[in-house]
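Commentary on secondary and tertiary structure
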Amino acid sequence: SKLIHLGINAAFQNKEKEAQEYFRQAFLLNPEDKELYSLLEGYEIDGHPLLAPNRFIDQVGGPAIVWVIGIVIYFSLLGTNLDKEATLFIQCYVVFALYTWISLPLVKGLKKMKGYKYG
């Protein structure tokens with residue numbers, strides 16, 4: 001239980017890697033604990049490299065802020081008569097938005113295909 005409390009404390013201090021390590025150690029001591037297993041799975045999925053754009057969006061302020069920034073950039077490019085650049089930007093933006101929507105199910109599917117287990 002000490003490792004779990006240390007993990008909770010680290011999680012509240014936004015030290016995800018440290019918290020994940022405490023929870024992993026606690027799980028290794030008690031591999032029957034399904035709650036710890038699901039918590040570790042959540043940490044593993046959240047830290048996956050394919051979800052880096054999602055983490056970036058969260059750091060910027062969330063999807064609504066990124067949407068507003070994208071629209072402002074698009075109309076700014078149109079306002080400065082950079083139509084080709086505006087078209088290229090909106091295409092890249094749509095691909096980025098679609099990727100962030102499908103990336104989480106993609107990562108979960110990849111984890112199921114690999115059959116990843118802790119311990």
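Quick summary incoming for the structure in this document.

1. Some words on helix H2 (residues 16-29)
Its 14 residues place the ends of H2 20 Å apart at the C-alpha level, agreeing with the 20 Å of an ideal helix rising 1.5 Å per residue. Here H2 has its buried residues at Ala19, Gln20, Phe23, Ala26 and Phe27. The arc that holds every buried residue of H2, seen down its axis, measures 125°, which confines them to one face. Exposed side of H2, more than 90 degrees from the buried face: Lys17 and Leu29 are the residues found there. The elements touched by buried residues of H2 are helix H1 (2-12) and helix H3 (34-46).

2. Observations concerning the packing of aromatic side chains
The final tally for this structure, using the stated rule, is two aromatic pairs. An angle of 65° between the planes, with centres 5.3 Å apart, marks the rings of tyrosine 74 and phenylalanine 75 as edge-to-face. Judged by relative accessible area, which is 22%, tyrosine 74 ranks as partly exposed. Relative to tyrosine 93, the ring of phenylalanine 89 has its centre 6.0 Å away and its plane inclined at 25°; by these criteria the two rings are stacked. Placement of the pair is phenylalanine 89 and tyrosine 93 together in helix H6 (residues 83-114), with a separation of four residues, close to one helical turn.

Calculation criteria
Residues numbered from 1 in each chain as written. Predicted model: local features only at pLDDT ≥ 70, side-chain atom pairs only at ≥ 80, totals over all residues. Heavy atoms only, no water. Helix = DSSP H or I, 4+ residues; strand = E, 2+ residues; numbered from the N terminus. Expected span 1.5 Å × (residues − 1). Buried < 20%, exposed > 50% of the residue type's maximum accessible area, 1.4 Å probe, protein only. Arc of directions from axis to C-beta. Contact = heavy atoms within 4.5 Å. Phe/Tyr/Trp six-rings, centres within 6.5 Å; stacked < 30°, edge-to-face > 60°.

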